Amino acid sequence: MTPSRPAAMDAWPPAWLAARAGLLAFGLLIAILAGAVSADEPALAALLKTLDLRGYTSRTAPPQFSGSTLDARQLSMTEYRGTVMVLTFWASWCLECRVDMPALERLQREFSSRGLAIIGVNAQENKEAVRRYAKELGLRFPLVLDRDGKINALYGVIGLPTTFIVGRDGRAIAFAIGPRQWESAPARALIETLLAEPAPGATPR
Amino acid sequence: MARKASYKSFEDLGIQNLGASANLTFSQQTFAESLKLPYPLLSDFPDRKLMRSYGVFNEKTMTAHRSFFLIDPQGIIRKKWMVENGGTTVVYSDTLLRDIREVLAKR
């Protein structure tokens, strides 16, 4: 394997296939991979279902990353602890992202004062392409550059857009492969629900 | 993914497919959902024990050689495929299925 290959590609050749004859139950493994929203959050689960978002188990922590933003700032995910994060992976050539990104920008303007943080992670494009795109669509939320694709690989992103939602306590709530109606009533209800959750360190209700 | 499309052919032969990589479970979950994979993925992160025990881990590049193993119900490896060209050659399900049928016919 050549070192010049993008990290996202490097990450996957190690995938093997172990073929196993006979009847073995892998139900447990499947359950872990599929994830499930804990049963005590039926309202949240219903919203995720309506929005076609895949929920995580309550203990799933998203991988931590840091990267350089379009405005040359070093952004670390840890800075956002206590906020509701929407982490969206995108590229300027991604047609469906062109609908998602301005919608997320409007949500950012509406909810940021209450603790919503939208962060875009670009897929291996150069700074100029990202700058043009941000200007064209009027995006003001942070756009992280991922020239070598390391953050994309860390999150297992292979299709765009892919969007992750993280709660105030830092746990991964749900993700979506493909575009969603981010300004719809259920999406707003989901944001409101997550914003209403206590931030870490806050006294539990 | 060819393997996804021909998953039923593997099932019909009584084969359970498993994918393994040194990626985080989190990353694998996104990957599996993106491709709608019908079989489980196993995370060999961080110690890469599985890859090492199968002898396909390259300590220098910290990557595994792309490979396939056919394991029988007694846990014995009946066949292995090491992907050529440093793991970049596409392995088609038809090739795997043909070889598996051959192995099964000999039993």
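### Comments concerning the overall build of chain B
Then, number 1: Secondary structure summary: chain B contains six helices and six strands in total.
Then, number 2: On C-alpha atoms alone, chain B measures out to a radius of gyration of 14 Å, which is about the 13 Å that the 2.2 N^0.38 rule sets for 107 residues.
Then, number 3: Expressed along its principal axes, the backbone C-alpha trace of chain B runs to roughly 40 × 30 × 30 Å.
Then, number 4: Burial analysis of chain B (107 residues in total) assigns 46% to the buried set.
Then, number 5: Taking all contacts inside chain B whose residues are at least 6 apart in sequence as the whole, residues at least 24 apart take part in 34%.

### Considering the packing of helix 4 (residues 97-111) of chain A against helix 7 (residues 185-195) of chain A
All names here are of chain A.
Then, number 1: Closest axis-to-axis distance for the helix 4/helix 7 pair is 12 Å, and the angle between their directions is 40°. Considering their axes alone, helix 4 and helix 7 lie oblique with respect to each other. Crossing handedness for the pair helix 4 and helix 7: right-handed. Mapping the contact onto sequence places Leu107, Glu110 and Phe111 in helix 4 and Arg188, Ile191, Glu192 and Leu195 in helix 7.
Then, number 2: A class-by-class count of the residues in the contact of helix 4 with helix 7 yields four nonpolar, no polar and three charged.

### Quick look at the side chain of B:Asp99
All names here are of chain B.
Then, number 1: Positionally, Asp99 belongs in helix 6 (residues 93-106).
Then, number 2: A distance of 3.1 Å separates polar atoms of two side chains, one belonging to Asp99 and the other to Arg98.
Then, number 3: Not counting chain neighbours up to four residues away, the residues in contact with Asp99 comprise Lys79 and Trp81.

### Regarding the pattern of salt bridges
Residue and element names in this part refer to chain A.
Then, number 1: Applying the stated rule across the entire model yields 18 salt bridges over all chains.
Then, number 2: Salt-bridge contacts for Glu136 lead to Arg98; the nearest nitrogen and oxygen are separated by 2.3 Å. In this pair, Glu136 sits in helix 5 (residues 127-137) while Arg98 sits in helix 4, placing the two residues 38 residues apart along the sequence.
Then, number 3: What makes Arg98 partly exposed here is its relative accessible area of 29%.
Then, number 4: Of the charged contacts in the structure, one is a salt bridge between Glu110 and Arg188, with a shortest N-O distance of 2.6 Å.

### Concerning the sheet that holds strand 6 (residues 116-122) of chain A
Then, number 1: What the six strands build is an open sheet, ordered 2-9-8-5-6-7 (chain A); its pairing is mixed. Where the open sheet ends on each side, the last strands, each with one partner, are strand 2 (54-55) and strand 7 (143-144) of chain A.
Then, number 2: Here strand 6 of chain A pairs with strand 7 of chain A via two bridges, running parallel. Bridge assignment links A:Val121 to a residue of strand 7 of chain A, and that residue is A:Val144.
Then, number 3: Of the strands in this sheet, strand 2, strand 8 (162-166) and strand 9 (172-177) of chain A touch helix 3 (residues 25-35) of chain B, which is tilted by about 30° from strand 9 of chain A.

### Some details on the packing of aromatic side chains
Then, number 1: With the rule as written, the count across this model stands at 12 aromatic pairs over all chains.
Then, number 2: Ring geometry for A:Phe89 against A:Tyr155: centres 5.4 Å apart, planes inclined by 40°, an arrangement best described as tilted. Taken as a pair, A:Phe89 in strand 5 (residues 84-90) and A:Tyr155 in the loop between helix 6 (150-154) and strand 8 lie far apart in primary sequence, 66 residues in all. A:Tyr155 carries the same exposure label as A:Phe89, and that label is buried.
Then, number 3: Taken together through their ring pairs, the aromatic side chains of A:Tyr56, A:Phe65, A:Phe89, A:Tyr155, A:Phe164, A:Phe175 and B:Phe26 make up a single cluster.

### Section: the packing of helix 3 (residues 42-50) of chain A against helix 7 of chain A
Residues and elements named next belong to chain A.
Then, number 1: It is the contact of helix 3 with helix 7, at a shortest axis distance of 9 Å, that shows an interaxial angle of 145°. Every pair of crossing elements has a handedness; the one defined by helix 3 and helix 7 is left-handed. For the pair helix 3 and helix 7, contact is made by Leu44, Leu47, Leu48 and Thr50 and by Pro186, Ala189, Leu190, Thr193 and Leu194, respectively.
Then, number 2: Here the contact of helix 3 with helix 7 is built from residues that sort into seven nonpolar, two polar and no charged.

### Side note on the confidence of the model for chain B
Then, number 1: Scored by pLDDT, chain B has a mean of 91; 96% of the residues are at 70 or more.
Then, number 2: Complex prediction metrics read pTM 0.82 and ipTM 0.85.

### Some words on the pairing of strand 5 (residues 67-71) of chain B
All names here are of chain B.
Then, number 1: For strand 5, the tally of buried residues reaches five of five residues, placing the bulk of the element in the interior.
Then, number 2: Residues Ser67, Phe69 and Ile71 point to one face of strand 5 and Phe68 and Leu70 to the other, with burial holding for every one of them.
Then, number 3: Sheet analysis places strand 5 next to strand 6 (residues 77-82), joined by five bridges and oriented antiparallel. Following the sheet pairing, Ile71 is matched in strand 6 by Ile77.

### Section: helix 3 of chain B
An α-helical turn contains 3.6 residues, so a residue and the one three or four places further along point in the same direction.
Residue and element names in this part refer to chain B.
Then, number 1: Helix 3 sits mainly inside the fold: eight of its 11 residues count as buried.
Then, number 2: Buried residues of helix 3: Phe26, Ser27, Gln28, Gln29, Thr30, Phe31, Ala32 and Glu33, and no others.
Then, number 3: Where helix 3 ends, the next residue or the one after it, Lys36, has phi of about 50°, a positive value.

Reading the values: the criteria
- Residues numbered from 1 in each chain as written.
- Chains lettered and ligands numbered in written order.
- Predicted model: local features only at pLDDT ≥ 70, side-chain atom pairs only at ≥ 80, totals over all residues.
- Heavy atoms only, no water.
- Helix = DSSP H or I, 4+ residues; strand = E, 2+ residues; numbered from the N terminus.
- Rg over C-alpha atoms; globule rule 2.2 N^0.38 Å.
- Buried < 20%, exposed > 50% of the residue type's maximum accessible area, 1.4 Å probe, protein only.
- Contact = heavy atoms within 4.5 Å.
- Axes fitted to C-alpha atoms, helices over the stretch in contact; angles between N-to-C directions.
- Parallel < 35°, antiparallel > 145°, perpendicular 65-115°, else oblique.
- Left-handed = near helix turned anticlockwise from the far one by under 90°.
- Nonpolar A, V, L, I, M, F, W, Y, C, P; charged D, E, K, R; others polar.
- Polar contact = N/O pair within 3.5 Å; in protein donor to acceptor, adjacent residues only side chain to side chain.
- Salt bridge = Lys/Arg side-chain N within 4 Å of Asp/Glu carboxyl O.
- Pairing = 2+ DSSP bridges.
- Phe/Tyr/Trp six-rings, centres within 6.5 Å; stacked < 30°, edge-to-face > 60°.
- pLDDT = per-residue confidence, 0-100.

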